[in-house]
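Structural description and commentary
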Amino acid sequence: MKKIDPLLALTTAALSLPVFAGNPPTEKEISLRASSYKEDDISKTSVLSGSPERYKIDKTHFRLLTPIGSNWSTEINTSQEVMSGASPWGTFSGSDEQPSLIMSGATIKDKRTEVGVSITNYQDNASYGVTLGTSHEDDYKSRSIGLSAGWDLNNMSTLGIGFSFSDDDIEPTDAKKFGRIQQAKKQTRSFSVSWTQIINANSLLFSGLTYTNKEGFLSDPYKLRDTRPDKKSEWAASLKYRIFIDSKNAALHLNYRLYNDGFGINSHTVNAEWHQNISLRWKISPRIRYYSQSQADFYLDADDFSLPKTVNQSSDHRLSGYGAITAGIQANYELSGWKIKVGFDRYISDNHYGHDSSRYSHPALLDFNLTSLGIEYKF
Amino acid sequence: MNYLKQLILSCATVVVMGCETVAPWDREVLARPEMQLSTDPMGDALFEQVYLSKEASAGGYKTAGGGCGCN
Amino acid sequence: MKRFLLVALLLANANYARSLGVGETAPEFELPSLLPDREDLTISKTRGIITYLDFWASWCGPCNISFPEMIELKDEFKNQPVEVIAISVDKKRELARRFLGRHRINFKVAIDVTGNTAEAFDVPGMPTSFIIDSKGKIYSEHEGFRKGDMKKIREKIKTLLIADQT
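Overview of the structure. From a predicted model like this one, the values you see are computed outputs, not experimental measurements. (Residues numbered from 1 in each chain as written. Chains lettered and ligands numbered in written order. Predicted model: local features only at pLDDT ≥ 70, side-chain atom pairs only at ≥ 80, totals over all residues. Heavy atoms only, no water.)

A count of helical and extended segments in chain A gives two helices and 19 strands. Within chain A, the fraction of its 379 residues that count as buried is 56%. Partitioning the intrachain contacts of chain A with sequence separation of at least 6 by distance along the chain shows that 61% fall at a separation of at least 24. About 15500 Å² of surface is accessible on chain A, with carbon and sulfur atoms providing 58% of the total. (Helix = DSSP H or I, 4+ residues; strand = E, 2+ residues; numbered from the N terminus. Buried < 20%, exposed > 50% of the residue type's maximum accessible area, 1.4 Å probe, protein only. Contact = heavy atoms within 4.5 Å. Areas by Shrake-Rupley, 256 points an atom, 1.4 Å probe, with all protein chains shown as cover.)

Okay, here's the thing in C-alpha cells:
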C-alpha cells in the first residue's frame, strides 16, 4: 500500500510552534509549495514480470497561518497529490536464490486530496490546539483529530503533550478481479510527550517520546500474499539539538530517533542540517540523513504460498532490514516579507547500509529524487 | 523499553544540570528562525510523509503524535 | 515516568527570584539614544511626569504589534505630562535601527547593549513595559504584548493623570 495517513502531516503543525508555547503568531503567513518525487526504475534483471517503472508523485501544498484576535490562531493546510507508476505485487526466489519481483503491469494512477484545519488558543504561558483532518483517495479515506497542549515552565523549558486519533477506510481497487479484500478499516491512536529545554543563549534540546497503537487491517491489499498482525504498537524516542555557531553565523541541527515496534522492527535515524546565513537575504542549508532498520519478525525474502493465509508473512521491502542515506540542500531567498525556497534531495537505500540487515538485498529497495519549490509571504 | 526510558532520563538530567539561565534580553540567537525546532513546516511535512510511506518507522519527531497508513 | 514528572516539577519550581515590584522606585539609568540628534536618556529627567517605559528587541515578535500602538499612545497624550520611552536590549545597534526603520517613531528610543538596565528592572520577558508615576515609582508592569493590551495600559495612564491633577 502506498497510502499515506494525513495525520502525521497535519499534526506537524504542533511541531512548528515556537520554542515557547505562550507566543501566538504575530503575522499572517501564506505559503505555496510544489514538489516532485521520482523513484528510479528497478533494474530490469530483477523484474520477472510487469513494469520496472516506479512511483512518481507531484504534490501541491497550500498553507495559511493567521492570528485571530489576540489569543487565537488558525492554520489551514490543503494539498493535492497526483501519483503514477507501478508497485511490487510479490517477491520470488530466482534460480540463484536472489529474490526477483512481480510488478503491477499497467501504470497505476491515483489522486489524493488532503485538508487540515487547526485552531490554537494561547494563554499567558500555555497553548492548546485542536486539529481536524481528512484525506481522500479512490481506495483510501481517512479522518483524524489531534489535540495538543504546551506549557512554558520557568522561562527555560516547555512541556508538550499530544494525542491523535485517525479512522481509516480501505477499499482496494479491482478487489473482485484480483481477489483482494474489498473493504477494511484501520484505527490509529497516538500519545506523545515532549520536553524542550534551553541549554544556554546559543543552544537548546528537545526530547520527545511517542507511543502509537494501530488496530485493524495493517496488511498490503495489493500484494499477492501479505498477512500481517491486526494490531501493532510503536515507540519512538527522539532528540533534537539546535546550536548556533557565532563564528560561522550558522546554526547546526542534529536529530536522532530511536524506533521500535510490535512487528519486531527497530530503527535508528540520524540527521544533520547546517543552516548557513550568507547574507541578510540568502541562506543555504545542506543536510544529510542516515536511516537503518531491522527486518520484521515475519519478513520473508520471497513469498511462501505453501503457508496458510492466516500465518503472518510479508516480502514488502519496507519490512526488510536495510539502510538508507539522504543528502540534500536547500536555498532560501528573502525579500521584504517574501521568501523563496528551493530544495533538492537524493535518497539511496541498500541492505549493506543497515545495522541489522536482511540476508538478501530486496530488489525493490528505493532510490529517489525529491525536488521542491516554495514561495511564502508574511504580512 | 526500560533501557530507552533510562537513556532519556539520564540525558534529561545531564541537560538540566548543564543549563544556564538565559535572561529574556539575551535571547536574540534563540529567537532566530534558523534556531527553531522546525524551520520549514511544509518541508518537514513533505519529508515526514515520504519517509512514513517508504520506510517502516514513524513518529517521535513532533509534539502531537501521528500515525501511518502505509504498512 | 514518575521520575520524568519529578524532574519536570523540580524545573517548574525553579523560577528565579523576582526582586523588583510594583510600588518600588524605578531604578536609575543613563542610556544612549538610538535615534540621531537625540540626547542620552536618564530616568531622573522624567520625574514629575508619567512615563511609559518599554523594553523591546528587534527579534521580538510581539514588538511588531506593540510599536504601532505605542506611536498612537504617544500621539494621544502628546499634550499631557506623559513620556513614552522604548529601550532596546539588542546587542547589535544595526538590528535595532533596521527595526525602527519600519515604523514612524514619535517617542524616545534608547539602547541597553549590556542588558544592565533590563536586569535592574528585572524584565521578565520580551517585551515588558512599566508605567512609572510622576514620583518615580513603578505603578504597573506588563509582560508580553497582544492586541487589546494597550486599552488596559491607556486606562492606567488616565487614572494616574487624574490622580496627579487632584
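There is more to say, and it comes next.
It is worth spelling out the sheet that holds strand β5 (residues 88–93) of chain A at this point. Residue and element names in this part refer to chain A. Strand order in the open sheet made by the three strands is β2-β6-β5, with mixed pairing throughout. Each edge of the sheet is formed by a strand with only one pairing partner; in this case those strands are β2 (47–49) and β5. Within the sheet, the average angular offset between the axes of one strand and its neighbour, ignoring direction, is 35°. (Pairing = 2+ DSSP bridges. Axes fitted to C-alpha atoms, helices over the stretch in contact; angles between N-to-C directions.)

Our focus in this paragraph is the sheet that holds strand β6 (residues 128–132) of chain C. Residue and element names in this part refer to chain C. Across the sheet, which stays open at both edges, the five strands sit in the order β5-β4-β3-β6-β7 with mixed pairing between neighbours. The strands lining the two open edges of the sheet, one partner per strand, are β5 (108–111) and β7 (138–143). Averaged over all adjacent pairs, the angle separating strand axes in this sheet is 20°, with direction ignored. Sheet strands touched by helix α2 (residues 63–76): β3 (50–56) and β4 (82–88). Its angle to β4, the strand with the most contacts, is close to 155°. Helix α5 (residues 149–165) rests against β3, β4, β6 and β7 of the sheet, and its axis sits at about 150° to β3.

With that out of the way, let us pick up the pairing of strand β14 (residues 250–261) of chain A. All names here are of chain A. Pairing geometry for strand β13 (residues 231–245) and β14, over 12 bridges, is antiparallel. When the sheet's bridge partners are listed, F244 is paired in β14 with A251. Where β13 hands over to β14, the hairpin turn is made up of four residues, of which N249 adopts a positive phi near 50°. Counting the residues in the hairpin turn of β14 and strand β15 (residues 266–277) gives four residues, including G264, whose phi is positive at 95°.

On to the packing of aromatic side chains. Counted under the stated rule, the structure contains 22 aromatic pairs over all chains. Look at Y211 of chain A and W235 of chain A: their rings are 5.1 Å apart centre to centre, the planes differ by 50°, and that puts the pair in the tilted class. Taken together, the positions of Y211 of chain A in strand β12 (residues 203–216) and W235 of chain A in strand β13 put the pair 24 residues apart, joining distant regions of the chain. Owing to a relative accessible area of 24%, Y211 of chain A belongs among the partly exposed residues under this scheme. Arranged with centres 4.9 Å apart and planes meeting at 55°, the rings of W282 of chain A and Y333 of chain A form a pair that is tilted. Residue W282 of chain A is located in strand β16 (residues 282–293), and its partner Y333 of chain A is located in strand β17 (residues 322–335); the two are separated by 51 residues in the primary sequence. Y333 of chain A sits in the partly exposed class, given a relative accessible area of 26%. Through a chain of ring-to-ring contacts, three or more aromatic side chains come together here, namely Y37, Y347 and F368 of chain A together with F47 and Y51 of chain B. The lysine or arginine in question, R289 of chain A, covers the ring of Y51 of chain B, its NZ or CZ lying 3.4 Å from the ring centre. Looking at K54 of chain B, its charged tip hangs above the ring of Y55 of chain A, at a distance of 5.2 Å from the centre. (Phe/Tyr/Trp six-rings, centres within 6.5 Å; stacked < 30°, edge-to-face > 60°. Lys NZ or Arg CZ within 6 Å of the ring centre and 35° of its normal.)

Residues and elements named next belong to chain A. On the secondary structure map, P229 appears in the loop between β12 and β13. P229 sits 84 residues away from Q313 along the chain, and the two C-alpha atoms are 9.3 Å apart. Apart from residues no more than four positions distant in its own chain, P229 is found in contact with L218, F263, F298 and N312.

With that settled, the discussion passes to the pattern of salt bridges. Enumeration according to the criterion identifies 38 salt bridges over all chains in this entry. Of the charged contacts in the structure, one is a salt bridge between R346 of chain A and D40 of chain A, with a shortest N-O distance of 2.7 Å. Placement of R346 of chain A in strand β18 (residues 338–350) and of D40 of chain A in the loop between β1 (29–39) and β2 is noted, with a sequence separation of 306 residues between them. The exposure class of R346 of chain A is partly exposed, given its relative accessible area of 27%. Given a relative accessible area of 29%, D40 of chain A falls into the partly exposed group. The salt bridge involving R289 of chain A is made with E55 of chain B; its shortest N-O contact spans 2.8 Å. (Salt bridge = Lys/Arg side-chain N within 4 Å of Asp/Glu carboxyl O.)

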